[in-house]
Protein chains: 2
Amino acid sequence: MSLTKQVVIIGGGISGLKTFTTLQEHINPDKILIIEADNRLGGRLKSTNPKDSKLGISYDIGASWFHDSLNNILLDDLLAERVVGVDDVYYDDRDASVYDSTGEIDIVGLKLNRVLEDLEKFIEIYYHEDINRADMSLKDISEVFIKMHGLLLNGKQKEYAGRMIRYMELWYGIPYDLISGKYSIMDHQGRNLLNKETYSENLLKWIISKIPNSSIRLNDPVTSSKRGIKDGKRCSIKTKSGLVVNCDYLIVTVPLSKLQDDSINWSPPLPSNISTALNSIHFGALGKVIFEFQNIWWDNKQDRFQILPNKIESQVHEKLTIMPQPFTYPIFAVNFSKVHNINKGSLVILTQSPLTEYLESTTPENVWKYYKPMLQIIAISQIEDPINIITTNWTNNEFIKGSYSALHTHDDPSEIIIQLSNENEVPNIGLDDKYIRFCGEHTISDGAGCVHGAYMSGIREANYILKDLNIQF
Amino acid sequence: MSLTKQVVIIGGGISGLKTFTTLQEHINPDKILIIEADNRLGGRLKSTNPKDSKLGISYDIGASWFHDSLNNILLDDLLAERVVGVDDVYYDDRDASVYDSTGEIDIVGLKLNRVLEDLEKFIEIYYHEDINRADMSLKDISEVFIKMHGLLLNGKQKEYAGRMIRYMELWYGIPYDLISGKYSIMDHQGRNLLNKETYSENLLKWIISKIPNSSIRLNDPVTSSKRGIKDGKRCSIKTKSGLVVNCDYLIVTVPLSKLQDDSINWSPPLPSNISTALNSIHFGALGKVIFEFQNIWWDNKQDRFQILPNKIESQVHEKLTIMPQPFTYPIFAVNFSKVHNINKGSLVILTQSPLTEYLESTTPENVWKYYKPMLQIIAISQIEDPINIITTNWTNNEFIKGSYSALHTHDDPSEIIIQLSNENEVPNIGLDDKYIRFCGEHTISDGAGCVHGAYMSGIREANYILKDLNIQF
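Quantities reported herein were computed from a predicted structural model and do not represent experimental measurements. (Residues numbered from 1 in each chain as written. Chains lettered and ligands numbered in written order. Predicted model: local features only at pLDDT ≥ 70, side-chain atom pairs only at ≥ 80, totals over all residues. Heavy atoms only, no water.)

Asker: Tell me about the overall build of chain A, residues and numbers included.
Answerer: Check the secondary structure of chain A and you find 15 helices and 20 strands. The globule rule puts the C-alpha radius of gyration for 473 residues at 23 Å, and the 23 Å found for chain A is close to it. Each principal axis of the C-alpha distribution contributes one length, and for chain A these read about 70 × 55 × 45 Å. Taking contacts inside chain A between residues at least 6 apart in sequence as the whole, the part at least 24 apart equals 75%. When the accessible area of chain A is evaluated, it comes to approximately 19000 Å², of which 48% is carbon and sulfur surface. Computing the positive centroid from 48 side-chain charges and the negative centroid from 60, chain A places the two 3 Å apart. (Helix = DSSP H or I, 4+ residues; strand = E, 2+ residues; numbered from the N terminus. Rg over C-alpha atoms; globule rule 2.2 N^0.38 Å. Contact = heavy atoms within 4.5 Å. Areas by Shrake-Rupley, 256 points an atom, 1.4 Å probe, with all protein chains shown as cover. Lys, Arg positive; Asp, Glu negative; His and termini not counted. Charge placed at Lys NZ, Arg CZ, Asp CG, Glu CD.)

Asker: Describe in detail the relation of the copies chain B and chain A, supporting the description with residues and values.
Answerer: Each copy superposes on the other: chain B lies on chain A with an RMSD of 0.0 Å after a rotation of 180° and an axial shift of 0.0 Å. Interpreted geometrically, this transformation is the action of a two-fold axis. The overlap is high: 100% of the interface residues of chain B also sit at the interface in chain A, so the same surface is used on both sides. (Least-squares fit on C-alpha atoms with pLDDT ≥ 70 in both.)

Asker: So what about the side chain of A:Glu120? Which residues, and what values?
Answerer: Residues and elements named next belong to chain A. On the secondary structure map, Glu120 appears in helix α4 (residues 112-129). Despite its burial, Glu120 remains without a salt bridge, the nearest opposite charge being carried by Lys121 at 9.2 Å. With near-sequence residues (within four places) excluded, Glu120 lies in contact with Ile165, Tyr167, Met168 and Ile185. (Buried < 20%, exposed > 50% of the residue type's maximum accessible area, 1.4 Å probe, protein only. Salt bridge = Lys/Arg side-chain N within 4 Å of Asp/Glu carboxyl O.)

Asker: How would you summarise the nonpolar core if you had to cite specific residues and measurements?
Answerer: A:Ile10, A:Phe66, A:Leu203, A:Leu250, A:Val252, A:Ile436 and A:Phe438 are the most contacted members of the largest nonpolar core, which totals 70 residues. Considering each element in turn, this core owes the most residues, seven residues, to helix α15 (residues 451-468) of chain A. Once you skip the residues sitting within four places of it in the chain, A:Phe438 turns out to touch A:Val252, A:Leu259, A:Trp266, A:Ile274, A:Leu420, A:Leu431, A:Thr443, A:Arg460 and A:Glu461. In this structure, B:Leu23, B:Cys235, B:Leu407 and B:Val451 belong to the second largest nonpolar core, which totals 69 residues. (Core = buried A, V, L, I, M, F, W, Y, C linked by side-chain atoms within 4.5 Å.)

Asker: With reference to specific residues and values, describe the sheet that holds strand β6 (residues 103-104) of chain A.
Answerer: All names here are of chain A. Reading across the sheet, the seven strands line up as β6-β5-β15-β16-β17-β14-β18 and stay open at both edges, with mixed pairing between neighbours. The outermost strands of the open sheet, each flanked by one partner alone, are β6 and β18 (388-391). Direction of pairing for strand β5 (residues 97-100) relative to β6: antiparallel, over a ladder of two bridges. Following the sheet pairing, Asp100 is matched in β6 by Gly103. Helix α13 (residues 364-375) contacts β14 (287-293), β15 (304-307), β16 (331-335), β17 (345-351) and β18 of the sheet and is inclined by roughly 80° relative to β14. (Pairing = 2+ DSSP bridges. Axes fitted to C-alpha atoms, helices over the stretch in contact; angles between N-to-C directions.)

Asker: Please give an account of the UniProt feature "binding site: FAD" (unreviewed entry) in chain A that cites residues and values.
Answerer: All names here are of chain A. In the UniProt entry, the feature "binding site: FAD" (unreviewed entry) is given for Ser15, Glu36, Ala37 and Val222. Its place among the elements puts Glu36 in the loop between β2 (32-35) and β3 (65-66). The residues touching Glu36, leaving out its near neighbours within four places in the chain, are Gly11, Gly12, Gly13, Leu41, Arg217, Leu218, Asn219 and Asp220. By secondary structure assignment, the location of Ala37 is in the loop between β2 and β3. (UniProt positions renumbered as here; feature names shortened; annotations may be inferred.)

Asker: Just give me the short version of the interface of chain B and chain A, but keep the residues and values in it.
Answerer: Where interface size is quoted, it is often the accessible area lost as the parts come together. Across the contact, 36 residues belong to chain B and 37 residues belong to chain A. A buried area of about 3000 Å², summed over both sides, lies between chain B and chain A, and 57% of it is on carbon and sulfur atoms. Across the salt bridge formed by B:Lys111 and A:Asp303, the nearest N and O atoms sit 2.6 Å from each other. Applying the counting rule to chain B against chain A returns 18 residue pairs in polar contact (both at pLDDT 80 or more). Listing elements by their share of the side of chain B that touches chain A, those giving two or more residues are β4 (89-90), α3 (112-129) and α4 (138-149) of chain B. In terms of residue count, the dominant contributor to the side of chain B that touches chain A is α3(B) (nine residues). Across the side of chain B that touches chain A, the residue classes tally to 15 nonpolar, eight polar and 13 charged. (Buried area = accessible area lost by both parts, 1.4 Å probe. Polar contact = N/O pair within 3.5 Å; in protein donor to acceptor, adjacent residues only side chain to side chain. Nonpolar A, V, L, I, M, F, W, Y, C, P; charged D, E, K, R; others polar.)

Asker: Any chance you could break down the UniProt feature "domain: Amine oxidase" (unreviewed entry) in chain A for me, citing the residues and the numbers?
Answerer: As recorded in UniProt, the sites labelled "domain: Amine oxidase" (unreviewed entry) are residues 14-466 of chain A. Taken as a whole, residues 14-466 of chain A contains 30% helix and 18% strand, while its terminal C-alpha atoms sit 19 Å from one another.

Asker: Describe in detail the side chain of B:Lys233, supporting the description with residues and values.
Answerer: Residues and elements named next belong to chain B. Its place among the elements puts Lys233 in strand β10 (residues 233-239). Classification of Lys233 by relative accessible area gives buried; the value is 16%. Not counting residues within four places of it along the chain, the set of residues in contact with Lys233 comprises Thr4, Lys5, Gly228, Asn246, Cys247 and Asp248.

Asker: Can you explain the packing of helix α1 (residues 14-24) of chain B against helix α7 (residues 200-208) of chain B? Please cite residues and give values.
Answerer: To characterise two packed helices, one gives the angle between the axes of the helices and the distance between these axes. Residues and elements named next belong to chain B. Closest axis-to-axis distance for the α1/α7 pair is 10 Å, and the angle between their directions is 40°. The chirality of how α1 crosses α7 is left-handed. Mapping the contact onto sequence places Ile14, Leu17, Lys18 and Thr21 in α1 and Leu203, Leu204, Ile207 and Ile208 in α7. For the contact of α1 with α7, the residue count by class is six nonpolar, one polar and one charged. (Left-handed = near helix turned anticlockwise from the far one by under 90°.)

As structure tokens, this is what we get:
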């Protein structure tokens, strides 16, 4: 079968959906087609069915926060359209209680929060002073900090600094012996706001409702893309089911992991400037484990619990073939009992690579076996076994294979954004065939890795096409 | 009397002293003269005599912290020279307990620390988005924040944000209805480290010991400065006592306030680019009140106490002719009982204009009368009357007249630094007579307002002279 469209959008995640709805304000939706490999729209925005919860909760198992909430146009749009109301969101950012294998840590008394701030500022200054300084892992730069500024720190502060900064593993989804020290420091544009109602229930429902079913094709991965005039159209793609679509514009929104694994056969092949850029950054594996309990057996005034790893001398990034020892990886757990103001227990725990791959491939029993001795530490009454366990499956999802882009040591985040989006308007960059466009969290600087970044990249590429078509917008 | 010198340095504060010692490594000290108006060296580095304390403590009543401690070359020098040891300094930055007229505030539970961080980030973003946005006071921009981002804040958070940010008054020494919102956000380069041993005991003793007495003239304000060759020298100054010194280079380190009040008669007059720049910023009035008590009647595990002002609708910057109501100005009190690990009570309280002027001109009895009802709030046992009160006198010191440079709304900090230091190497700027140089906290961007900024400006100007003389350094 063969179709002809003005615009084809590969991928029905938020960047593709936003590209569609932005175009649709000016172009007949019949002329636009979204082709999604999976059996649903939303991509890495995905929520569980409340029926899968013993507590009737729907959990976002992909993205779940509005980051940069002072400067997040997605949040602004959703609030302005009343898609999101004040009670649908929650700032889960009360100072976290912090524990390690010895129990609760007196963060304030030991001033470990101040030391951590200083370590982060040190990293920022270190590379700001000389951008050409060699990158090193977050683990290594933490040790440089102690060497250079440890004189005025006490023993506990020196010991804890490198263990505390491992919280970043739960930002990037990769372990600290891989995280690029140079690019580890984020300039947050405001607090992180939990989308308590879930992204499926508000953002996805709202945006998908605008798109005609006839403009969506599910369950059909795109397998090849050919540049060159055919039937008067500039480009042609083919799907696994054999569908051929000729189009004037092609928007490629597949995850970075799917660009990297050559799932799409490019003809002619992608030029080396692009293929090199694609390999200048990595893809992380942030996952989640959700435990539900009959009762709340922790301090329910806390939003979050952090459990620090022990000091680990060996590498922690190696693939796990057996269950790791407890306290090998940091834990960041959100107290959903408080988020939802219920009197049953719910903890949402973030996981990082290589732990995510292990947990996503083992049994629920093993998942609990791994966490129980660590969660024991936060118990203020008898710890209970869970009545329900939900584990994400991102690393086994063949259409996603992880979470989002992540910078390993020696990676360069700018190259891919320049090549795929040409945000900086450098001449002679990207594809010569300008009608093939890229969007998604990996193609944008502001909001990189975030839902609002993906959303903005969709607006950017839709506007590119409208401008190219001389359509006023 | 008339002297001839290669270099004259007006002002014996840290910038002048550092200029001297830097030059002295290459120039015979006989050729350099420091002329100081006051009867002592050190300027705004000044410590009390332990005999003036009932607890035997020496207090820094001027500068007392090493700011930007990750990037402070003064601190680095003092540590490297072992002038300062690990036990001579103290990070007094444990999360402060915060109170208002109603008692202790649950900062963590109400997440007011997060809201304050967001307010500060908002200000940064607001002016970063558009540098040409009109400046407004810190008070006004706090209200803009609530208007733009109050939707997701609760009532207490909205109420407290504008009161909490008044802590900045104790940074700048001016009230928040005068503080420039645009320039209020500081990029701290590391923690603030209290110089527990005092700047007099370490920095001043060390640096003054290097300077021959014969190169120092005290008690003799410079009253005029004449450019133009005389006796083969390029410049000539005259002091109040009638001393005339002809010199090749003149380093002017007097406080900004003394440049602004025309204490030095310039001949020819300073050009308008400089006089305009001098009036593009203001001078603050940070002061201190020190109370000593027989016992410690507060929670002695705290480093600092913050007491918030009530919500004040009227202006707070007007000169005080009578004692203000309690809770009109924020209080920032450092618990010196903990700093010095003693079992007697010592609180060091910072004050801002216009309160500083009032307190520095009233009786100790009145000072205590003003503070007692507010300090009552932090008492965990019976509040005591002090056994000793020390109040600074900076605003009445005719050679200083306040604390350090401060940015009022609509001020421009860059102009004065460009004109007085030419840090940016703009052509045709500053004085045509390049042998007249300026240094001090008001002439430098990095470390502006700080001891290490003044110290670095001294190095900068010494190096200028050495370079001008073709001396390798």
